[in-house]
Amino acid sequence: MIAWILDNENDTTFSANQGGVNSLFSTFPIAERSALLCGMFHENQRVFKSIKTHVEWNDIDIMIETEDGNGQKEIWVIENKLKSQEHKSNVSSDEKQKWNINADEIWQTEKYEHIICDNFPNDSHHYLLLSLGGDVANSSSRCWKSYTYSELKDLLSYMNPKSFVLIKEYTDAISKMTVELKTFLNSGNNISKYPHVFQKLTKSKASNANITPEEKYIVENRLETIFQKQFLAMIVNNYIPTIASIVRYDERNGIAMFIEPIKDIGDYSLSIEFQGGTFKVVLLHKDYIKSNSYVYTKPLYDKNGKVYPEFVKLAKNEWGIAKAKNLKTGKAKPRIALDKSMGGKLYCNLQNNNFLTIYKEAKDIAKIISSIPSIP
């Protein structure tokens, strides 16, 4: 929809030049489309001579080419996130060599920057991450701006397109989504009215579940995971704001989680995770995914796969040990976690639980693990 609104082919003026074809489905004249584009990117207002959009160009959600009256060209990139968040993308051997990258994967936003620079080295570049909650791009360049659907709705509401019904349906859908999220996050003591939002439902289970009126929209539109992530972000901001700038949000099997990196210890990374009401202190080898060799597990297990004593000592006060295993062989893999549950099915009720208590225990355990001498 965004690409359609901005593109030349849907401008009344451009359509008229083509004998009036498409005029029934035109959006805004070039001056208004220019204002919309600059407004989204928080750039100085100017009027372009041409705006051309491309969807899924080199995996980029929306790539936009503009040209002004002086022939100056600019490239605008929109990464559009709704039901997912930014993830890492594979890098080919040629790309690794061309971009001077050692890793097999890099963040999407980083990869898109490389692609744009390769294809448009002489043009100005602008980058925007559009999301429900104002996600921040993981690119180290910090050239991506954050923008929310709520802001987009407000910007479109000031404009009067010819295709009013089509765009109104779009803005109504955005408005409904943002209002439901705000209501959900502000539910306070009534969060118990959203039990199904905090679990992963298949489509069949969702249709048969006893959905409350408050959660009906969320579940029917499969927005559970992204609403969970926004809820976790609110928890972090309210309860442990000191980690808000470094924490990362993810999901496994549809259940949202936050990951707080603690430190790198040799070839291992130490972090604190929170998912589904359970805290985990995780020690993970950099080659965990592709490893199946005992050599990687030496700091964690002995040759028989038995957990080293240092970790057994920490498994107390209701903290358990969760060993990772290779599904094919059953042998230990280079990941180990100490975990403890907050208890209760609806962990989202934070008013009367021990969230901060367990978090502080996790920090203490992480501090001890970081000082274990057997970890290289």
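See the structure above.
So, a few notes on the structure that sits alongside this text. Fair warning: this is a prediction, and the values are worked out from it, not measured in the lab.

Here we come to the overall build of the protein. Assigned secondary structure in the protein consists of 12 helices and 13 strands. The buried share of the protein, reckoned over its 376 residues, is 45%. Pairs at least 24 residues apart make up 51% of the contacts formed inside the protein by residues separated by at least 6 positions. When the accessible surface of the protein is summed, it comes to about 19500 Å², and 49% of that surface belongs to carbon and sulfur atoms.

Summed over all chains, the structure comprises 20 salt bridges. Among the ionic pairs, Lys216 bridges to Glu220, the shortest N-O distance being 2.7 Å. Taken as a pair, Lys216 and Glu220 lie in helix α9 (residues 216–220) at a separation of four residues, close to a single helical turn. Classification of Glu220 as exposed rests on a relative accessible area of 52%.

Met40, Phe184, Phe279 and Ile369 are the most contacted members of the largest nonpolar core, which has 76 residues in total. Among the nonpolar cores identified, the runner-up in size contains 16 residues, and Met63, Ile106, Tyr127 and Ala137 belong to it.

Read from one edge to the other, the open sheet built from six strands follows the order β8-β9-β10-β11-β13-β12, with strand pairing classed as antiparallel. Edge positions in the sheet fall to β8 (248–252) and β12 (320–325), since each of these pairs with one other strand and no more. Geometrically, the sheet is characterised by an average inter-axis angle of 30 degrees between neighbouring strands, direction not taken into account. Two elements, strand β10 (residues 268–275) and strand β11 (residues 278–285), share eight bridges in a ladder whose sense is antiparallel. Within β11, the residue paired with Ile272 across the bridge is Val281. Strands β8, β9 (255–265) and β10 of the sheet are contacted by helix α10 (residues 224–239), whose axis makes an angle of about 50 degrees with β9.

With 12 residues, helix α5 (residues 108–119) extends 17 Å between its outermost C-alpha atoms, agreeing within 8% with the 16 Å of an ideal straight helix rising 1.5 Å per residue. Among all positions in α5, only Gln108, Thr109, Glu110, Lys111, Tyr112, Glu113, Ile115 and Ile116 are buried.

Another point: unusual backbone geometry. Positive phi is not limited to glycine here, since Glu56 has a value of about 55 degrees. As for its placement among the helices and strands, Glu56 is situated in strand β1 (residues 50–57). Of note in this structure, Arg222 is not a glycine but carries a positive phi near 55 degrees. Structurally, the position occupied by Arg222 is in the loop between α9 and α10. Arg222 sits in the partly exposed class, given a relative accessible area of 22%.

Between helix α7 (residues 164–185) and α10, the shortest axis-to-axis distance is 10 Å and the interhelical angle comes to 45 degrees. Classed by the angle they form, the pair α7 and α10 counts as oblique. In this structure, the crossing between α7 and α10 has a hand that is right-handed. In this structure, α7 contributes Met177, Glu180, Leu181, Phe184 and Leu185 to the contact, and α10 contributes Phe227, Gln230, Phe231 and Met234.

Another aspect to go through is the packing of aromatic side chains. A full pass over the atoms with the stated rule returns 15 aromatic pairs. Centre to centre, the rings of Phe184 and Phe198 are 5.9 Å apart; their planes meet at 35 degrees, and the pair counts as tilted. One end of the pair, Phe184, is in helix α7; the other, Phe198, is in the loop between α7 and α8 (203–208), and 14 residues separate them in sequence. Classification of Phe184 by relative accessible area gives buried; the value is 0%. For Phe198, a relative accessible area of 9% translates into the label buried. Seen in terms of ring centroids, Phe279 and Tyr359 are 6.2 Å apart; in terms of plane orientation they differ by 50 degrees. Their pairing is tilted. Placement of Phe279 in strand β11 and of Tyr359 in helix α12 (residues 355–369) is noted, with a sequence separation of 80 residues between them. Just as Phe279 is buried, Tyr359 falls in that class too. Taken together, the aromatic side chains of Tyr239, Phe258, Phe274, Phe279, Phe355 and Tyr359 make up a single cluster linked through ring pairs. When the ring centre of Tyr217 is taken as reference, the NZ or CZ atom of Lys176 above it lies at 5.3 Å.

Counted at 1.5 Å a residue, the expected span for α12 with its 15 residues is 21 Å, and the 21 Å between its end C-alpha atoms agrees. Among all positions in α12, only Phe355, Ile358, Tyr359, Ala362, Ile365, Ala366 and Ile369 are buried. Along the long axis of α12, the arc covered by the buried residues comes to 120 degrees, so they all point the same way. Away from its buried face by more than 90 degrees, α12 exposes Lys360 and Lys367.

Bringing the sheet that holds strand β2 (residues 60–67) into the picture now. Reading across from one edge, β1-β2-β3-β6-β7 is the order of the five strands in this open sheet, with mixed pairing throughout. The sheet is open, and its two borders are formed by β1 and β7 (144–148), each paired with just one other strand. Averaged over neighbouring strand pairs, the angle between their axes works out to 25 degrees when direction is ignored. As paired strands, β1 and β2 are joined by seven bridges and run antiparallel to one another.

The rules behind each value
- Residues numbered from 1 in each chain as written.
- Predicted model: local features only at pLDDT ≥ 70, side-chain atom pairs only at ≥ 80, totals over all residues.
- Heavy atoms only, no water.
- Helix = DSSP H or I, 4+ residues; strand = E, 2+ residues; numbered from the N terminus.
- Buried < 20%, exposed > 50% of the residue type's maximum accessible area, 1.4 Å probe, protein only.
- Contact = heavy atoms within 4.5 Å.
- Areas by Shrake-Rupley, 256 points an atom, 1.4 Å probe, with all protein chains shown as cover.
- Salt bridge = Lys/Arg side-chain N within 4 Å of Asp/Glu carboxyl O.
- Core = buried A, V, L, I, M, F, W, Y, C linked by side-chain atoms within 4.5 Å.
- Pairing = 2+ DSSP bridges.
- Axes fitted to C-alpha atoms, helices over the stretch in contact; angles between N-to-C directions.
- Expected span 1.5 Å × (residues − 1).
- Parallel < 35°, antiparallel > 145°, perpendicular 65-115°, else oblique.
- Left-handed = near helix turned anticlockwise from the far one by under 90°.
- Phe/Tyr/Trp six-rings, centres within 6.5 Å; stacked < 30°, edge-to-face > 60°.
- Lys NZ or Arg CZ within 6 Å of the ring centre and 35° of its normal.
- Arc of directions from axis to C-beta.

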